[in-house]
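# Close look at the chain arrangement
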Amino acid sequence: MAAHNELITTAELADILTRPELRLFDCTTYLEPVPPGSSVPYIAVSGRQTFEAGHIPGANFLDLQGEFSDPNTELRFMMPDTARLEAAFGRHGISANSRAVLYSIGTPMWATRFWWMLRSLGFEGAAVLDGGIDKWTAEGRDIETGLAGGYPPATFTARPREGLFVNKHDVLAATAEGNTVIVNALGPQFHKGLEPSRYGRPGRVPGSVSVPAATMIDPKSKAFVPLADAEATFAAQGIDRSKRVVAYCGGGISATIDLFQLHRLGYDNLTLYDGSMGEWAKDASLPIETG
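Residues numbered from 1 in each chain as written. Predicted model: local features only at pLDDT ≥ 70, side-chain atom pairs only at ≥ 80, totals over all residues. Heavy atoms only, no water.

## Some details on the sheet that holds strand β12 (residues 270-273)
The criterion, for reference: Pairing between strands is defined by DSSP: at least two bridges between the two strands are required. Segments assigned H or I by DSSP are reported as helices when at least four residues long, segments assigned E as strands when at least two residues long, and all are numbered from the N terminus. Any two residues whose heavy atoms approach within 4.5 Å are treated as being in contact. Geometry is summarised by axes, namely lines fitted to C-alpha atoms with helices restricted to the contacting stretch, and by angles between N-to-C directions that run from 0 to 180 degrees.
Taken together, 5 strands build an open sheet; the order of strands is β8-β12-β11-β9-β10 and the sheet is parallel. Both edges of this open sheet fall to β8 (165-166) and β10 (209-210), since each of them pairs with a single strand only. Across 5 bridges, strand β9 (residues 180-184) lies against strand β11 (residues 244-248) in parallel orientation. Its bridge partner lying in β11, T180 is registered against R244. Of the strands in this sheet, β9, β11 and β12 are in contact with helix α10 (residues 255-264), which crosses β12 at around 180 degrees.

This is the structure in structure tokens:
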């Protein structure tokens with residue numbers, strides 16, 4: 001069924017831990033609440049502390065907000081310019097010959113975000129660890145503590161792919177395109193606008209369908225659901241391979257779980273609305289839908 005497969009199991013990772021080309025990274029970020037009245041939806045906190053408390057042996061750490069996001073916007077986790085990303089990935093030892101394995105704690109969304117970023121830069125050697133460190137530890141596998149050792153610096157040369165990220169103007173245009181499906185990866189209560197939103201106005205991009213990222217993950221094992229189940233979930237929302245998919249969420253993170261599964265299923269015309277509801281809900285000139 002799958003035309004692509006960038007998923008790696010814990011057993012497969014255990015077999016390659018000592019390979020010289022492996023670049024293994026914990027990508028975890030935490031979203032902490034902000035004081036009432038704050039203009040930002042959350043405080044992004046690096047997962048470095050939990051990395052140092054326990055990580056897969058040999059792993060290093062990637063700080064999404066600190067190193068790999070645009071510092072010149074109030075929006076969290078926005079893609080920075082290519083030169084900044086080339087320098088950052090190079091500092092962490094990723095080159096064209098690397099095999100990058102990405103994982104995070106509790107949810108794979110931080111790992112899939114880095115996978116999507118690397119894919120947009122033309123890097124084909126990235127995989128996401130199925131079940132992350134949660135599954136790894138549940139299986140009784142070794143854990144290491146302490147600071148990251150650091151991989152030797154490398155030259156990372158991007159070959160950017162067009163169209164993997166879109167802005168609010170592209171999304172607004174897409175709401176009128178019959179060959180595009182806009183997919184909301186937030187939970188159903190936020191999709192319907194039934195609960196207050198930390199992003200601003202409650203609701204969704206008009207015409208978007210609901211495929212919560214949580215439906216792609218087994219809540220106990222933290223592993224991805226079988227592809228057949230994912231395919232059925234997407235099909236129930238009218239998503240098929242003849243259509244372009246634009247995915248969004250709150251900050252362009254959890255939507256990459258949906259995109260990862262669609263990619264594994266062989267969907268090729270995929271894109272991410274990077275600003276997501278963090279941008280859309282605050283812009284009163286953009287339409288919003290509830291109910």
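## So, the pairing of strand β2 (residues 22-26)
Going by this rule: For the exposure calls, accessible area comes from a 1.4 Å probe over protein chains only, and a residue counts as buried if that area is under 20% of its type's maximum, exposed if over 50%, partly exposed in between.
Of all 5 residues making up β2, 5 are buried, and the element is well covered by its neighbours. Alternating positions in β2 separate into two faces, L22, L24 and D26 on one and R23 and F25 on the other, with burial throughout. As paired elements, β2 and strand β6 (residues 99-103) share 5 bridges and run parallel to each other. Bridge pairing in β6 places L22 opposite R99. Relative to strand β5 (residues 60-61), β2 is paired through 2 bridges, and the arrangement is parallel. Across the sheet, the residue bridging to F25 is N60, located in β5.

## Quick word on the environment of E21
Tracing the backbone through its elements, the reader meets E21 in the loop between α1 (10-16) and β2. The spatial distance from the C-alpha of E21 to the C-alpha of G93 is 9.6 Å, given a sequence separation of 72 residues.

## Here we look at the environment of L129
Mapped onto the secondary structure, L129 falls in strand β7 (residues 126-129). With 21 residues separating them in the primary sequence, L129 and P108 have C-alpha atoms 8.1 Å apart. Ignoring sequence-local partners within four residues, the contact set of L129 consists of I8, T9, T10, L13, I56, V101, L102 and Y103.

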